[in-house]
Amino acid sequence: MITMKKFRIGALFAAMLLVSMAFMPAVMAQPEKESADEFETIVDINGQITPKSVVGDLGEEICDGLIAVLWLLDEVIDDDRIAQAQDILSKGANAFRNNDIARGMDYLDYALSIIWNILYDWISQIPSWLYNELVDLLNDAQDFINQYS
């Protein structure tokens, strides 16, 4: 029993590490300087011009990262809203992949509200390290929405 429990915790830590390594550089990445004339662009809240394809790539990676973290959360708690949020994030990733930024942002924003509600309802059941990681990722995703919407 103890060995299986240690294995699950070890697997959760390994998965969180992999998600963090993939997700955080994408959120913190700055787009390469390219000619704005070559691409459709988005002007962020700081007035910076960013190619729409870069925003789409970042949005897709954020959605995929959150899907992976929700898989971990599903190992800890049993809530049907996790699958609902994963489905919405999958639709968001597809929208971002197709450079439909507005629709991707809507899906991502809706999924974030579902995930916040899950965390609120299950806070006492979620290990603190997972809860803190999810809160950090959700805040980073919200920053992305605020910057590029």
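Residues numbered from 1 in each chain as written. Predicted model: local features only at pLDDT ≥ 70, side-chain atom pairs only at ≥ 80, totals over all residues. Heavy atoms only, no water.

**Student:** So what exactly am I meant to see when it comes to the environment of L66 here?
**Tutor:** With respect to the helices and strands, L66 occurs in helix α2 (residues 52-76). Taking the C-alpha atoms as reference points, L66 and I115, 49 residues apart in sequence, are found 9.6 Å from one another. Residue contacts for L66: discarding those within four places in its chain leaves L89, L108, L112, L137, L138 and A141. (Helix = DSSP H or I, 4+ residues; strand = E, 2+ residues; numbered from the N terminus. Contact = heavy atoms within 4.5 Å.)

**Student:** Would you mind going over the packing of aromatic side chains with me for this structure?
**Tutor:** Geometry of an aromatic ring pair is reported as the spacing of the ring centres plus the angle between the planes. Considering all chains together, one arrives at two aromatic pairs under this definition. Note on F96 and F144: the rings are 6.0 Å apart at their centroids and 70 degrees apart in plane angle, and the pair reads as edge-to-face. Of this pair, F96 sits in helix α3 (residues 80-97) while F144 sits in helix α5 (residues 128-148), and the two are 48 residues apart along the sequence. Since its relative accessible area comes to 1%, F96 is described here as buried. Exposure remark for F144: the relative accessible area of 4% places this residue in the buried category. Centre to centre, the rings of F144 and Y148 are 5.4 Å apart; their planes meet at 55 degrees, and the pair counts as tilted. On the criterion of helical spacing, the pair formed by F144 and Y148 is a turn pair, its members being four residues apart in helix α5. The class of Y148 is buried, set by a relative accessible area of 7%. (Phe/Tyr/Trp six-rings, centres within 6.5 Å; stacked < 30°, edge-to-face > 60°. Buried < 20%, exposed > 50% of the residue type's maximum accessible area, 1.4 Å probe, protein only.)

**Student:** Before we go on, may I ask you to explain the confidence of the model for the chain in this structure?
**Tutor:** Residues of the chain with pLDDT of at least 70 account for 73%, and the chain-wide mean is 83. Note that pLDDT drops below 50 for residues 33-38; the model gives that stretch four contacts with residues more than four away or on any other chain. (pLDDT = per-residue confidence, 0-100.)

**Student:** Sorry if this is basic, but what is going on with the nonpolar core here?
**Tutor:** For soluble globular proteins, the rule of thumb is that nonpolar side chains tend to be buried together. In this structure, L66, L73, L89, M105, L108 and F144 are the most contacted members of the largest nonpolar core, which totals 36 residues. Only α2, α3, α4 (101-122) and α5 provide two or more residues apiece to this core. Residues in contact with L89, not counting those within four places in the same chain, are C63, L66, I67, L70, L108, A111 and I115. (Core = buried A, V, L, I, M, F, W, Y, C linked by side-chain atoms within 4.5 Å.)

**Student:** Would you take a moment to explain the packing of α4 against α5 for this structure?
**Tutor:** Relative orientation and spacing of two packed helices are given, respectively, by the angle between their axes and the distance between those axes. Remark: α4 packs on α5, axes separated minimally by 11 Å, with the N-to-C direction vectors making an angle of 150 degrees. By the angle between their directions, the pair α4 and α5 is classed as roughly antiparallel. In the crossing of α4 with α5, the sense of the turn from one axis to the other is left-handed. Contacts between α4 and α5 involve M105, L108, D109, L112, I115, W116 and L119 from the first element and Y131, L134, V135, L138, N139, A141, Q142, F144, I145 and Y148 from the second. Tallied by class, the residues present in the contact of α4 with α5 amount to 14 nonpolar, two polar and one charged. (Axes fitted to C-alpha atoms, helices over the stretch in contact; angles between N-to-C directions. Parallel < 35°, antiparallel > 145°, perpendicular 65-115°, else oblique. Left-handed = near helix turned anticlockwise from the far one by under 90°. Nonpolar A, V, L, I, M, F, W, Y, C, P; charged D, E, K, R; others polar.)

**Student:** Explain the environment of F144 to me, please; I cannot follow it from the model alone.
**Tutor:** Taking the C-alpha atoms as reference points, F144 and V55, 89 residues apart in sequence, are found 9.0 Å from one another. Those residues in contact with F144 that sit more than four places away from it in its chain are V55, L58, G59, I62, F96, M105 and L108.

**Student:** Would you take a moment to explain α4 for this structure?
**Tutor:** Look at α4: 31 Å from first C-alpha to last across 22 residues, which is about the 32 Å you get at 1.5 Å a residue. Taken residue by residue, α4 has I101, G104, M105, L108, A111, L112, I114, I115, I118 and L119 as its buried positions. Looking at the buried side of α4, the elements it contacts are β1 (41-43), α2, α3 and α5. (Expected span 1.5 Å × (residues − 1).)

**Student:** Looking at this structure, how should I read the packing of α2 against α5?
**Tutor:** Direction vectors running N to C along α2 and α5 enclose 160 degrees, while the axes themselves pass 11 Å from each other. If you check the angle between α2 and α5, you find them roughly antiparallel. In this structure, α2 crosses over α5, and the sense of that crossing is left-handed. Packed against α2, whose contacting residues are V55, L58, G59, I62, L66, V69, L72, L73 and V76, the element α5 presents L130, L134, L137, L138, A141, F144 and Y148 at the interface. Of the residues assigned to the contact of α2 with α5, the class counts are 15 nonpolar, one polar and no charged.

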